[in-house]
Amino acid sequence: QINGKTITYDDIVYGYDLLFEDLMLFSRTSWYGVATQQDPSDAFALQDVLWRVQPDLVIEIGTNTGGGAIFYASIVREYNPDGMV
């Protein structure tokens, strides 16, 4: 409890998301120097999915600066040098 209020995990996650948005931290994340505009927690979760599933092809929809595609490609290339993003 904090100040008499029971805080749930949803409260914490929602607060983190609000803080990340309000401070515009999306504009401060990068991979190999290229902006990713991605929450680091999401990036870790996505790399875990990619590593477990190991797809040969990843299609990113809505690429802004290309940092996300570089991030995905760096993971895919570790398990399949011929994989495509």
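Small disclaimer: the values here were computed from a predicted structure and weren't measured.

Definitions and cut-offs
Residues numbered from 1 in each chain as written. Predicted model: local features only at pLDDT ≥ 70, side-chain atom pairs only at ≥ 80, totals over all residues. Heavy atoms only, no water. Phe/Tyr/Trp six-rings, centres within 6.5 Å; stacked < 30°, edge-to-face > 60°. Buried < 20%, exposed > 50% of the residue type's maximum accessible area, 1.4 Å probe, protein only. Helix = DSSP H or I, 4+ residues; strand = E, 2+ residues; numbered from the N terminus. Patch = residues over 30% accessible without salt bridge, like charges linked within 9 Å, V, L, I, M, F, W, Y side chains within 5 Å. Areas by Shrake-Rupley, 256 points an atom, 1.4 Å probe, with all protein chains shown as cover. Salt bridge = Lys/Arg side-chain N within 4 Å of Asp/Glu carboxyl O. Polar contact = N/O pair within 3.5 Å; in protein donor to acceptor, adjacent residues only side chain to side chain. Contact = heavy atoms within 4.5 Å.

Draft legend 1. Up close: the packing of aromatic side chains. As enumerated under the stated definition, the model contains 6 aromatic pairs in all. Judged by centre distance (4.6 Å) and plane angle (80 degrees), the ring pair of Phe 20 and Phe 26 falls under edge-to-face. A relative accessible area of 5% places Phe 20 in the buried class. Phe 26 gets classed as partly exposed once you look at its relative accessible area, which sits at 21%. On the basis of an interplanar angle of 85 degrees and a centroid distance of 4.9 Å, the ring pair of Trp 31 and Phe 71 is categorised as edge-to-face. Of this pair, Trp 31 sits in strand S1 (residues 30–31) while Phe 71 sits in helix H3 (residues 67–79); the two residues are 40 residues apart in sequence, bridging distant segments of the chain. On the basis of relative accessibility, which here comes to 31%, the residue Trp 31 falls in the partly exposed class. Classification of Phe 71 as buried rests on a relative accessible area of 7%.

Draft legend 2. Here's a closer look at a nonpolar patch on the surface. Side chains of Ile 2, Ile 7, Tyr 9 and Ile 12 sit close together on the surface and give an oily, nonpolar patch of about 470 Å² of accessible area. Mapped onto the secondary structure, Ile 2 falls in the segment before helix H1 (9–22). Residue classification places Ile 2 among the exposed residues on the basis of a relative accessible area of 54%.

Draft legend 3. Here's a closer look at the side chain of Thr 29. The residue Thr 29 is located in the loop between H1 and S1 in this model. Among the polar contacts made by the side chain of Thr 29, one reaches the side chain of Thr 36 at a distance of 3.0 Å. Once you skip the residues sitting within four places of it in the chain, Thr 29 turns out to touch Phe 20, Val 34, Ala 35, Thr 36, Gln 37, Gln 38 and Pro 40.

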